[in-house]
Amino acid sequence: MFDTQLPHKNLLSTTHVTMISVGGIIGAGLFVGTSATISSAGPSVLISYLISGAYVWSVMIIIGQLSQQSNGKGSFVSHIARILGVRSAFVTGWSYAFLWVITAGAQVVAGGMLMHNLFGLPLWIGASLFIACSLILNLMPVRSYGRAESALSILKIIFLSLFILLGFKWFFSTPCSLLMIKKNIFQEPSFFPLGVSALFTVIPMIVQTFAGCEIAVIAASESNNSLYNIKKSVNRIPLMILLFYFGSVFVIISIFPWTQLTSGQSPFLEILQYLKIPVAQDIAILVTLIAILSCLNSAKYVVSRIIREMSALECTPHFLMSDTQNTIPVRSVVLISCVEFLIFFSAMWSPSHVYTILLGSSGGIIIINYLMIALSFIFSKQNHSYSMIAQKKKFTALSYFIVLSVLIIFLLMLASKNSRFDAVLSIGLVSCIYVASYMLNIRTKKLL
(Lines give C-alpha, C1' and ligand atoms only; values in the text may rest on other atoms or scores of the structure.)
Protein backbone atom coordinates (compact mmCIF):
# COMPACT_ATOMS: atom_id res chain seq x y z
CA MET A 1 0.00 0.00 0.00
CA PHE A 2 1.46 3.34 -1.00
CA ASP A 3 2.08 5.91 1.72
CA THR A 4 3.43 9.34 0.88
CA GLN A 5 6.49 10.68 2.69
CA LEU A 6 6.33 14.39 1.90
CA PRO A 7 7.51 17.35 3.97
CA HIS A 8 4.61 19.17 5.62
CA LYS A 9 5.02 22.20 3.33
CA ASN A 10 4.46 19.99 0.28
CA LEU A 11 1.29 18.30 1.55
CA LEU A 12 -2.20 19.14 0.39
CA SER A 13 -4.43 21.17 2.70
CA THR A 14 -8.05 20.31 3.49
CA THR A 15 -9.20 22.91 0.94
CA HIS A 16 -6.93 21.44 -1.73
CA VAL A 17 -8.32 17.94 -1.11
CA THR A 18 -11.89 19.20 -1.47
CA MET A 19 -11.21 21.30 -4.56
CA ILE A 20 -9.33 18.54 -6.41
CA SER A 21 -12.43 16.39 -5.93
CA VAL A 22 -14.73 19.23 -7.04
CA GLY A 23 -12.50 19.71 -10.09
CA GLY A 24 -13.21 16.17 -11.25
CA ILE A 25 -16.95 16.45 -10.68
CA ILE A 26 -17.76 19.83 -12.20
CA GLY A 27 -16.58 19.52 -15.78
CA ALA A 28 -18.12 19.47 -19.23
CA GLY A 29 -20.51 16.85 -17.84
CA LEU A 30 -22.33 19.67 -16.07
CA PHE A 31 -21.82 22.59 -18.43
CA VAL A 32 -22.52 20.62 -21.62
CA GLY A 33 -23.70 17.12 -20.71
CA THR A 34 -26.63 18.40 -18.61
CA SER A 35 -28.55 19.04 -21.82
CA ALA A 36 -28.29 15.32 -22.66
CA THR A 37 -29.68 14.19 -19.29
CA ILE A 38 -32.54 16.69 -19.47
CA SER A 39 -33.38 15.62 -23.02
CA SER A 40 -33.35 11.96 -21.94
CA ALA A 41 -35.75 12.31 -19.01
CA GLY A 42 -37.47 15.69 -19.21
CA PRO A 43 -38.40 17.49 -15.96
CA SER A 44 -38.36 14.19 -14.06
CA VAL A 45 -34.57 14.42 -14.27
CA LEU A 46 -34.84 16.40 -11.03
CA ILE A 47 -35.81 13.19 -9.24
CA SER A 48 -32.95 11.42 -11.01
CA TYR A 49 -30.47 13.93 -9.58
CA LEU A 50 -31.87 13.51 -6.07
CA ILE A 51 -31.70 9.70 -6.29
CA SER A 52 -28.19 9.83 -7.75
CA GLY A 53 -27.07 12.27 -5.07
CA ALA A 54 -28.42 10.04 -2.28
CA TYR A 55 -26.77 7.02 -3.88
CA VAL A 56 -23.34 8.66 -4.20
CA TRP A 57 -23.60 10.04 -0.68
CA SER A 58 -24.26 6.51 0.60
CA VAL A 59 -21.16 5.27 -1.22
CA MET A 60 -19.08 8.09 0.26
CA ILE A 61 -20.24 7.15 3.76
CA ILE A 62 -19.12 3.55 3.16
CA ILE A 63 -15.76 4.71 1.78
CA GLY A 64 -15.35 6.81 4.90
CA GLN A 65 -16.01 3.79 7.09
CA LEU A 66 -13.50 1.67 5.16
CA SER A 67 -10.95 4.45 5.51
CA GLN A 68 -11.47 4.50 9.26
CA GLN A 69 -10.69 0.78 9.35
CA SER A 70 -7.39 1.53 7.59
CA ASN A 71 -6.63 4.67 9.62
CA GLY A 72 -7.00 6.86 6.54
CA LYS A 73 -4.34 5.07 4.46
CA GLY A 74 -5.00 4.02 0.89
CA SER A 75 -7.92 4.50 -1.47
CA PHE A 76 -10.87 2.18 -1.92
CA VAL A 77 -8.67 0.07 -4.23
CA SER A 78 -6.45 -0.84 -1.28
CA HIS A 79 -9.51 -1.47 0.88
CA ILE A 80 -10.86 -3.88 -1.73
CA ALA A 81 -7.47 -5.64 -1.94
CA ARG A 82 -7.42 -6.01 1.84
CA ILE A 83 -10.95 -7.42 2.10
CA LEU A 84 -11.90 -9.03 -1.22
CA GLY A 85 -8.44 -9.81 -2.56
CA VAL A 86 -5.90 -8.41 -5.00
CA ARG A 87 -7.73 -9.74 -8.06
CA SER A 88 -10.84 -7.79 -7.11
CA ALA A 89 -8.64 -4.72 -6.61
CA PHE A 90 -7.11 -5.28 -10.05
CA VAL A 91 -10.54 -5.34 -11.71
CA THR A 92 -11.81 -2.35 -9.74
CA GLY A 93 -8.65 -0.29 -10.12
CA TRP A 94 -8.26 -0.78 -13.86
CA SER A 95 -11.97 -0.25 -14.58
CA TYR A 96 -11.87 2.91 -12.46
CA ALA A 97 -8.76 4.11 -14.29
CA PHE A 98 -10.46 3.32 -17.61
CA LEU A 99 -13.48 5.37 -16.54
CA TRP A 100 -11.36 8.42 -15.78
CA VAL A 101 -9.25 8.08 -18.91
CA ILE A 102 -12.48 8.01 -20.93
CA THR A 103 -13.69 11.04 -18.97
CA ALA A 104 -10.41 12.82 -19.71
CA GLY A 105 -10.71 11.89 -23.38
CA ALA A 106 -14.23 13.31 -23.48
CA GLN A 107 -12.95 16.56 -21.95
CA VAL A 108 -10.21 16.72 -24.59
CA VAL A 109 -12.76 16.20 -27.37
CA ALA A 110 -15.02 18.91 -25.92
CA GLY A 111 -12.05 21.25 -25.54
CA GLY A 112 -10.85 20.66 -29.10
CA MET A 113 -14.32 21.35 -30.48
CA LEU A 114 -14.65 24.53 -28.42
CA MET A 115 -11.26 25.87 -29.53
CA HIS A 116 -12.18 25.08 -33.14
CA ASN A 117 -15.47 26.96 -32.86
CA LEU A 118 -13.84 29.93 -31.12
CA PHE A 119 -10.60 30.41 -33.02
CA GLY A 120 -10.89 28.13 -36.03
CA LEU A 121 -8.02 25.97 -34.76
CA PRO A 122 -7.77 22.43 -36.11
CA LEU A 123 -9.36 20.04 -33.62
CA TRP A 124 -6.10 18.29 -32.83
CA ILE A 125 -4.29 21.55 -31.99
CA GLY A 126 -7.02 22.68 -29.59
CA ALA A 127 -7.03 19.26 -27.95
CA SER A 128 -3.22 19.28 -27.71
CA LEU A 129 -3.29 22.60 -25.87
CA PHE A 130 -5.57 21.18 -23.18
CA ILE A 131 -3.50 18.02 -22.82
CA ALA A 132 -0.26 20.02 -22.59
CA CYS A 133 -1.66 22.41 -19.96
CA SER A 134 -2.96 19.59 -17.78
CA LEU A 135 0.34 17.72 -18.18
CA ILE A 136 2.34 20.72 -16.97
CA LEU A 137 0.04 21.27 -13.99
CA ASN A 138 0.19 17.59 -12.99
CA LEU A 139 4.00 17.60 -13.06
CA MET A 140 4.11 20.43 -10.51
CA PRO A 141 4.80 19.66 -6.82
CA VAL A 142 1.60 18.34 -5.28
CA ARG A 143 0.90 21.41 -3.14
CA SER A 144 1.40 23.74 -6.13
CA TYR A 145 -0.92 21.53 -8.15
CA GLY A 146 -3.46 21.69 -5.33
CA ARG A 147 -3.35 25.50 -5.35
CA ALA A 148 -3.80 25.68 -9.13
CA GLU A 149 -6.69 23.22 -9.11
CA SER A 150 -8.32 25.01 -6.16
CA ALA A 151 -8.25 28.29 -8.09
CA LEU A 152 -9.93 26.68 -11.11
CA SER A 153 -12.56 24.95 -8.96
CA ILE A 154 -13.37 28.11 -7.02
CA LEU A 155 -14.03 29.97 -10.27
CA LYS A 156 -16.52 27.25 -11.28
CA ILE A 157 -18.24 27.40 -7.90
CA ILE A 158 -18.54 31.20 -8.11
CA PHE A 159 -20.14 30.93 -11.56
CA LEU A 160 -22.63 28.26 -10.48
CA SER A 161 -23.54 30.25 -7.37
CA LEU A 162 -24.18 33.36 -9.44
CA PHE A 163 -26.16 31.32 -11.98
CA ILE A 164 -28.46 29.96 -9.26
CA LEU A 165 -28.84 33.46 -7.78
CA LEU A 166 -29.83 34.71 -11.24
CA GLY A 167 -32.58 32.10 -11.19
CA PHE A 168 -33.88 33.45 -7.89
CA LYS A 169 -33.70 37.02 -9.24
CA TRP A 170 -35.70 35.97 -12.30
CA PHE A 171 -38.32 34.31 -10.06
CA PHE A 172 -38.88 37.38 -7.88
CA SER A 173 -38.68 39.97 -10.67
CA THR A 174 -40.70 38.26 -13.43
CA PRO A 175 -44.50 38.58 -13.45
CA CYS A 176 -46.29 35.21 -13.36
CA SER A 177 -42.97 33.41 -12.86
CA LEU A 178 -44.67 30.75 -10.73
CA LEU A 179 -47.09 29.96 -13.56
CA MET A 180 -44.18 29.73 -16.02
CA ILE A 181 -42.35 27.29 -13.75
CA LYS A 182 -45.49 25.19 -13.38
CA LYS A 183 -45.93 25.10 -17.14
CA ASN A 184 -42.28 24.31 -17.95
CA ILE A 185 -41.92 21.56 -15.34
CA PHE A 186 -45.36 19.97 -15.05
CA GLN A 187 -47.27 20.78 -18.23
CA GLU A 188 -44.86 20.60 -21.18
CA PRO A 189 -46.02 17.99 -21.93
CA SER A 190 -45.91 16.45 -18.41
CA PHE A 191 -43.53 15.78 -15.52
CA PHE A 192 -42.85 12.29 -16.96
CA PRO A 193 -42.94 13.00 -20.72
CA LEU A 194 -40.73 10.00 -21.56
CA GLY A 195 -42.18 7.64 -18.96
CA VAL A 196 -41.28 6.91 -15.35
CA SER A 197 -38.54 4.49 -16.41
CA ALA A 198 -36.64 7.34 -18.10
CA LEU A 199 -35.76 8.92 -14.77
CA PHE A 200 -34.01 5.68 -13.76
CA THR A 201 -32.21 5.04 -17.02
CA VAL A 202 -30.40 8.41 -16.86
CA ILE A 203 -29.12 7.70 -13.34
CA PRO A 204 -25.90 6.00 -14.57
CA MET A 205 -25.14 9.04 -16.71
CA ILE A 206 -25.71 11.35 -13.73
CA VAL A 207 -23.77 9.13 -11.32
CA GLN A 208 -20.87 9.20 -13.78
CA THR A 209 -20.87 13.02 -13.67
CA PHE A 210 -20.94 12.81 -9.86
CA ALA A 211 -17.96 10.45 -9.98
CA GLY A 212 -15.12 12.38 -8.45
CA CYS A 213 -16.43 12.57 -4.90
CA GLU A 214 -14.17 9.64 -4.10
CA ILE A 215 -11.13 11.54 -5.44
CA ALA A 216 -11.03 13.34 -2.10
CA VAL A 217 -10.15 10.06 -0.39
CA ILE A 218 -7.32 9.49 -2.87
CA ALA A 219 -6.02 13.06 -2.51
CA ALA A 220 -6.25 12.84 1.29
CA SER A 221 -3.35 10.37 1.28
CA GLU A 222 -1.16 13.30 0.19
CA SER A 223 -2.44 15.59 2.95
CA ASN A 224 -1.25 16.20 6.49
CA ASN A 225 -4.26 14.66 8.29
CA SER A 226 -5.75 12.13 5.90
CA LEU A 227 -8.42 10.67 8.19
CA TYR A 228 -9.69 14.12 9.19
CA ASN A 229 -9.81 15.25 5.55
CA ILE A 230 -11.68 12.10 4.55
CA LYS A 231 -14.31 12.67 7.23
CA LYS A 232 -14.76 16.29 6.13
CA SER A 233 -15.02 15.28 2.48
CA VAL A 234 -17.57 12.54 3.13
CA ASN A 235 -19.88 15.05 4.79
CA ARG A 236 -19.21 18.07 2.62
CA ILE A 237 -18.61 17.13 -1.01
CA PRO A 238 -21.77 15.12 -1.92
CA LEU A 239 -24.05 17.80 -0.46
CA MET A 240 -22.14 20.59 -2.17
CA ILE A 241 -22.15 18.88 -5.55
CA LEU A 242 -25.83 17.91 -5.31
CA LEU A 243 -26.65 21.52 -4.46
CA PHE A 244 -24.87 22.88 -7.52
CA TYR A 245 -26.12 20.20 -9.93
CA PHE A 246 -29.72 20.09 -8.70
CA GLY A 247 -29.87 23.87 -8.27
CA SER A 248 -28.53 24.53 -11.76
CA VAL A 249 -30.82 22.01 -13.46
CA PHE A 250 -33.84 23.33 -11.55
CA VAL A 251 -33.06 26.87 -12.73
CA ILE A 252 -32.61 25.69 -16.32
CA ILE A 253 -35.88 23.78 -16.67
CA SER A 254 -37.83 26.37 -14.65
CA ILE A 255 -36.91 29.26 -16.90
CA PHE A 256 -36.70 27.54 -20.28
CA PRO A 257 -38.92 24.82 -21.83
CA TRP A 258 -36.87 21.62 -21.72
CA THR A 259 -38.13 20.60 -25.18
CA GLN A 260 -36.31 23.60 -26.67
CA LEU A 261 -32.92 22.72 -25.21
CA THR A 262 -30.39 21.35 -27.69
CA SER A 263 -28.71 18.12 -26.62
CA GLY A 264 -24.93 18.49 -26.71
CA GLN A 265 -25.08 22.27 -26.35
CA SER A 266 -24.58 24.25 -23.15
CA PRO A 267 -27.95 24.96 -21.49
CA PHE A 268 -26.19 27.57 -19.35
CA LEU A 269 -25.46 29.63 -22.44
CA GLU A 270 -29.08 29.35 -23.59
CA ILE A 271 -30.36 30.53 -20.20
CA LEU A 272 -27.89 33.43 -19.99
CA GLN A 273 -28.90 34.56 -23.48
CA TYR A 274 -32.59 34.18 -22.62
CA LEU A 275 -32.08 36.39 -19.54
CA LYS A 276 -30.22 38.89 -21.74
CA ILE A 277 -27.08 38.84 -19.66
CA PRO A 278 -24.37 41.03 -21.25
CA VAL A 279 -21.53 39.07 -22.87
CA ALA A 280 -23.39 35.88 -21.93
CA GLN A 281 -21.65 33.86 -24.60
CA ASP A 282 -18.19 34.99 -23.50
CA ILE A 283 -18.96 34.12 -19.88
CA ALA A 284 -20.30 30.67 -20.74
CA ILE A 285 -17.34 29.92 -23.00
CA LEU A 286 -14.78 31.02 -20.41
CA VAL A 287 -16.36 28.94 -17.65
CA THR A 288 -16.62 25.91 -19.93
CA LEU A 289 -12.93 26.21 -20.83
CA ILE A 290 -12.03 26.40 -17.13
CA ALA A 291 -14.29 23.43 -16.35
CA ILE A 292 -12.75 21.30 -19.09
CA LEU A 293 -9.18 22.04 -17.99
CA SER A 294 -10.05 21.52 -14.32
CA CYS A 295 -11.78 18.18 -14.90
CA LEU A 296 -8.94 17.05 -17.16
CA ASN A 297 -6.48 17.94 -14.39
CA SER A 298 -8.36 15.94 -11.78
CA ALA A 299 -8.80 12.97 -14.13
CA LYS A 300 -5.08 12.82 -14.80
CA TYR A 301 -4.33 13.22 -11.09
CA VAL A 302 -6.62 10.41 -9.94
CA VAL A 303 -5.56 7.93 -12.63
CA SER A 304 -1.86 8.48 -11.95
CA ARG A 305 -2.41 7.92 -8.21
CA ILE A 306 -4.55 4.84 -8.73
CA ILE A 307 -1.93 3.36 -11.07
CA ARG A 308 0.77 4.08 -8.49
CA GLU A 309 -1.27 2.41 -5.76
CA MET A 310 -1.93 -0.63 -7.96
CA SER A 311 1.79 -0.84 -8.72
CA ALA A 312 2.36 -1.29 -4.99
CA LEU A 313 -0.20 -4.12 -5.14
CA GLU A 314 1.66 -5.63 -8.14
CA CYS A 315 -1.33 -5.00 -10.40
CA THR A 316 0.56 -2.78 -12.84
CA PRO A 317 4.13 -2.72 -14.20
CA HIS A 318 6.38 -1.59 -11.38
CA PHE A 319 8.13 1.11 -13.43
CA LEU A 320 4.87 3.12 -13.44
CA MET A 321 5.32 3.59 -9.69
CA SER A 322 8.45 5.67 -10.20
CA ASP A 323 8.19 9.13 -8.62
CA THR A 324 10.16 12.35 -8.54
CA GLN A 325 11.49 13.69 -5.26
CA ASN A 326 8.09 15.40 -4.87
CA THR A 327 6.34 12.01 -5.26
CA ILE A 328 4.87 12.90 -8.65
CA PRO A 329 4.27 9.68 -10.69
CA VAL A 330 5.75 11.21 -13.85
CA ARG A 331 5.64 8.09 -16.02
CA SER A 332 1.99 7.49 -15.25
CA VAL A 333 1.09 11.13 -15.95
CA VAL A 334 2.90 11.05 -19.31
CA LEU A 335 1.34 7.69 -20.24
CA ILE A 336 -2.15 9.01 -19.48
CA SER A 337 -1.50 12.05 -21.70
CA CYS A 338 -0.56 9.73 -24.56
CA VAL A 339 -3.74 7.70 -24.06
CA GLU A 340 -5.77 10.93 -24.13
CA PHE A 341 -4.28 11.66 -27.56
CA LEU A 342 -5.29 8.20 -28.77
CA ILE A 343 -8.85 8.62 -27.52
CA PHE A 344 -9.09 12.00 -29.20
CA PHE A 345 -7.82 10.81 -32.56
CA SER A 346 -10.09 7.76 -32.45
CA ALA A 347 -13.02 10.11 -31.83
CA MET A 348 -12.26 12.58 -34.62
CA TRP A 349 -14.43 10.68 -37.12
CA SER A 350 -17.53 11.83 -35.24
CA PRO A 351 -16.62 14.59 -32.78
CA SER A 352 -20.16 15.96 -32.47
CA HIS A 353 -21.54 12.74 -30.95
CA VAL A 354 -18.63 11.10 -29.18
CA TYR A 355 -18.95 13.05 -25.94
CA THR A 356 -22.48 11.81 -25.23
CA ILE A 357 -21.54 8.23 -26.18
CA LEU A 358 -18.47 8.19 -23.93
CA LEU A 359 -20.38 9.76 -21.06
CA GLY A 360 -23.18 7.21 -21.28
CA SER A 361 -21.03 4.10 -21.73
CA SER A 362 -18.80 4.92 -18.77
CA GLY A 363 -21.72 5.45 -16.40
CA GLY A 364 -22.18 1.75 -15.74
CA ILE A 365 -18.51 1.30 -14.85
CA ILE A 366 -18.57 3.65 -11.87
CA ILE A 367 -21.72 1.91 -10.60
CA ILE A 368 -19.89 -1.43 -10.73
CA ASN A 369 -17.00 0.17 -8.83
CA TYR A 370 -19.42 1.35 -6.17
CA LEU A 371 -20.81 -2.19 -6.00
CA MET A 372 -17.32 -3.48 -5.17
CA ILE A 373 -16.94 -0.84 -2.46
CA ALA A 374 -20.24 -1.89 -0.87
CA LEU A 375 -19.30 -5.56 -1.01
CA SER A 376 -15.97 -4.76 0.64
CA PHE A 377 -17.70 -3.24 3.63
CA ILE A 378 -20.18 -6.12 3.86
CA PHE A 379 -17.32 -8.64 4.05
CA SER A 380 -15.07 -6.57 6.29
CA LYS A 381 -14.48 -7.93 9.79
CA GLN A 382 -16.50 -6.67 12.74
CA ASN A 383 -14.83 -5.08 15.72
CA HIS A 384 -15.35 -6.98 18.97
CA SER A 385 -16.68 -3.88 20.72
CA TYR A 386 -20.47 -4.02 21.10
CA SER A 387 -20.93 -0.42 19.99
CA MET A 388 -18.72 -0.97 16.95
CA ILE A 389 -20.64 -4.12 16.01
CA ALA A 390 -23.92 -2.17 16.19
CA GLN A 391 -22.39 0.57 14.03
CA LYS A 392 -21.08 -2.01 11.56
CA LYS A 393 -24.58 -3.50 11.21
CA LYS A 394 -26.02 -0.06 10.47
CA PHE A 395 -23.55 0.64 7.68
CA THR A 396 -23.83 -2.93 6.41
CA ALA A 397 -27.53 -2.26 5.83
CA LEU A 398 -26.55 0.82 3.83
CA SER A 399 -24.13 -1.32 1.82
CA TYR A 400 -26.90 -3.79 0.99
CA PHE A 401 -28.99 -0.84 -0.19
CA ILE A 402 -26.16 0.10 -2.59
CA VAL A 403 -25.91 -3.47 -3.88
CA LEU A 404 -29.66 -3.68 -4.43
CA SER A 405 -29.64 -0.29 -6.17
CA VAL A 406 -26.93 -1.44 -8.56
CA LEU A 407 -28.95 -4.51 -9.55
CA ILE A 408 -32.12 -2.46 -10.08
CA ILE A 409 -30.30 0.19 -12.13
CA PHE A 410 -28.72 -2.39 -14.44
CA LEU A 411 -32.02 -4.23 -14.91
CA LEU A 412 -33.68 -0.96 -15.89
CA MET A 413 -30.80 -0.11 -18.22
CA LEU A 414 -31.03 -3.51 -19.91
CA ALA A 415 -34.80 -3.15 -20.23
CA SER A 416 -34.51 0.21 -21.99
CA LYS A 417 -33.46 0.25 -25.63
CA ASN A 418 -31.85 3.68 -25.10
CA SER A 419 -29.45 2.49 -22.40
CA ARG A 420 -29.12 -1.24 -23.18
CA PHE A 421 -25.95 -0.75 -25.21
CA ASP A 422 -24.33 1.27 -22.41
CA ALA A 423 -25.13 -1.42 -19.83
CA VAL A 424 -23.83 -4.26 -22.01
CA LEU A 425 -20.68 -2.30 -22.87
CA SER A 426 -19.96 -1.52 -19.20
CA ILE A 427 -20.43 -5.14 -18.13
CA GLY A 428 -18.38 -6.34 -21.11
CA LEU A 429 -15.45 -4.04 -20.34
CA VAL A 430 -15.32 -5.07 -16.68
CA SER A 431 -15.58 -8.73 -17.71
CA CYS A 432 -12.62 -8.31 -20.07
CA ILE A 433 -10.54 -6.85 -17.25
CA TYR A 434 -11.54 -9.77 -15.04
CA VAL A 435 -10.42 -12.25 -17.72
CA ALA A 436 -7.16 -10.31 -18.08
CA SER A 437 -6.51 -10.79 -14.36
CA TYR A 438 -6.43 -14.56 -14.94
CA MET A 439 -4.24 -14.25 -18.02
CA LEU A 440 -1.77 -12.12 -16.03
CA ASN A 441 -1.95 -14.52 -13.10
CA ILE A 442 -2.96 -11.85 -10.60
CA ARG A 443 -2.99 -13.37 -7.16
CA THR A 444 -6.28 -13.75 -5.31
CA LYS A 445 -5.01 -13.57 -1.75
CA LYS A 446 -6.21 -10.81 0.56
CA LEU A 447 -3.92 -8.22 2.12
CA LEU A 448 -3.72 -8.27 5.91
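Keep in mind the model is a prediction, meaning the values are calculated, not measured.

A. Quick peek at the overall build of the protein chain. For the protein chain, the helix and strand inventory stands at 19 helices and zero strands. When the 448 residues of the protein chain are sorted by exposure, 59% land in the buried category. A separation threshold of at least 6 residues defines the contact pool for the protein chain, and within that pool the share at least 24 residues apart is 82%. Taken as a whole, the protein chain presents about 18,300 Å² of accessible surface, with 68% of it coming from carbon and sulfur.

B. Region of interest: the pattern of salt bridges. Using the criterion set out here, one finds three salt bridges in the structure. The residue Glu222 makes a salt bridge to Arg305 at a minimum N-O spacing of 3.2 Å. With Glu222 in the loop between α12 (215-220) and α13 (226-255) and Arg305 in helix α15 (residues 280-312), the pair connects residues that are 83 residues apart, well separated along the chain. Residue classification places Glu222 among the buried residues on the basis of a relative accessible area of 0%. The class for Arg305 is buried, based on a relative accessible area of 4%. A salt bridge links Glu340 to Lys300; its shortest N-O distance comes to 3.2 Å.

C. The confidence of the model for the protein chain, seen in detail. Mean pLDDT over the protein chain works out to 83, with 89% of the residues at or above the 70 mark. Model confidence for the protein chain, summarised as mean pLDDT per element, is weakest for helix α2 (residues 28-31) at 74 and strongest for helix α7 (residues 123-138) at 92. Counting contacts from residues 1-8, a segment whose pLDDT is below 50, to residues more than four positions away or on other chains yields 18 contacts.

D. Local environment of the environment of Thr259. Topologically, Thr259 is positioned in the loop between α13 and α14 (267-274). Along the chain, Thr259 and Gly42 lie 217 residues apart, while their C-alpha atoms are 7.8 Å from each other.

E. Representation of the environment of Leu269 within the structure. One can find Leu269 in helix α14. Separated by 12 residues in sequence, Leu269 and Gln281 have C-alpha atoms that sit 6.1 Å apart. In this structure Leu269 touches Ala280, Gln281 and Ala284, once residues within four positions along its chain are discounted.

F. Region of interest: the packing of aromatic side chains. One pass over the structure, following the stated rule, counts 17 aromatic pairs. Centre to centre, the rings of Phe171 and Phe172 are 5.0 Å apart; their planes meet at 85°, and the pair counts as edge-to-face. Residue classification places Phe172 among the exposed residues on the basis of a relative accessible area of 66%. An aromatic cluster is built from Tyr49, Phe210 and Tyr245, whose rings are joined through pairwise contacts. One Lys or Arg, Arg87, reaches over the ring of Tyr438 and ends 3.8 Å from the middle of that ring.

G. Main features of α7. Between its first and last C-alpha, α7 extends 23 Å over 16 residues, near the 22 Å set by a 1.5 Å rise per residue. Within the sequence span of α7, burial applies to Leu123, Gly126, Ala127, Ser128, Phe130, Ile131, Ser134, Leu137 and Asn138.

H. Up close: the nonpolar core. Counting residues in each nonpolar core, the largest one holds 141 residues, and the members touching the most others are Phe31, Tyr55, Tyr96, Trp100, Tyr370 and Ile373. The element best represented in this core is α15, accounting for 18 residues. When sequence neighbours within four positions are dropped, the list of residues in contact with Tyr96 reads Phe76, Glu214, Ile215, Ile218, Val302, Ile306, Ile366 and Asn369.

I. Main features of unusual backbone geometry. Phi is positive for Lys276, which is not a glycine, with a value near 60°. Mapped onto the fold, Lys276 is located in the loop between α14 and α15. With a relative accessible area of 72%, Lys276 lands in the exposed category. A positive phi is found at Glu314, a non-glycine position, where the angle reads about 65°. Within the secondary structure, Glu314 sits in the loop between α15 and α16 (330-347).

J. Seen up close, the packing of helix α4 (residues 45-69) against helix α11 (residues 203-210). At a closest axis distance of 9 Å, the pairing of α4 and α11 adopts a crossing angle of 50°. As far as their axial angle goes, α11 and α4 are oblique. Read as a crossing pair, α4 and α11 show a hand that is right-handed. Along its contact with α4, which presents Val45, Ser48, Tyr49, Ile51, Ser52, Gly53, Tyr55 and Val56, the element α11 presents Ile203, Ile206, Val207 and Phe210. Taken together, the residues of the contact of α4 with α11 sort by class into nine nonpolar, three polar and no charged.

K. Quick look at the side chain of Ser67. Positionally, Ser67 belongs in helix α4. Ser67 has contacts with Gly72, His79, Val217, Leu227 and Ile230, leaving out every residue within four places of it along the chain.

L. Quick peek at a nonpolar patch on the surface. On the surface, Ile154, Leu155, Ile158, Leu162, Leu165, Phe168 and Phe172 cluster together to form a nonpolar patch covering roughly 730 Å² of accessible area. Take Leu165: it is sitting in helix α8 (residues 142-173). The exposed category is assigned to Leu165, whose relative accessible area is 52%.

The rules behind the values
Residues numbered from 1 in each chain as written. Predicted model: local features only at pLDDT ≥ 70, side-chain atom pairs only at ≥ 80, totals over all residues. Heavy atoms only, no water. Helix = DSSP H or I, 4+ residues; strand = E, 2+ residues; numbered from the N terminus. Buried < 20%, exposed > 50% of the residue type's maximum accessible area, 1.4 Å probe, protein only. Contact = heavy atoms within 4.5 Å. Areas by Shrake-Rupley, 256 points an atom, 1.4 Å probe, with all protein chains shown as cover. Salt bridge = Lys/Arg side-chain N within 4 Å of Asp/Glu carboxyl O. pLDDT = per-residue confidence, 0-100. Phe/Tyr/Trp six-rings, centres within 6.5 Å; stacked < 30°, edge-to-face > 60°. Lys NZ or Arg CZ within 6 Å of the ring centre and 35° of its normal. Expected span 1.5 Å × (residues − 1). Core = buried A, V, L, I, M, F, W, Y, C linked by side-chain atoms within 4.5 Å. Axes fitted to C-alpha atoms, helices over the stretch in contact; angles between N-to-C directions. Parallel < 35°, antiparallel > 145°, perpendicular 65-115°, else oblique. Left-handed = near helix turned anticlockwise from the far one by under 90°. Nonpolar A, V, L, I, M, F, W, Y, C, P; charged D, E, K, R; others polar. Patch = residues over 30% accessible without salt bridge, like charges linked within 9 Å, V, L, I, M, F, W, Y side chains within 5 Å.

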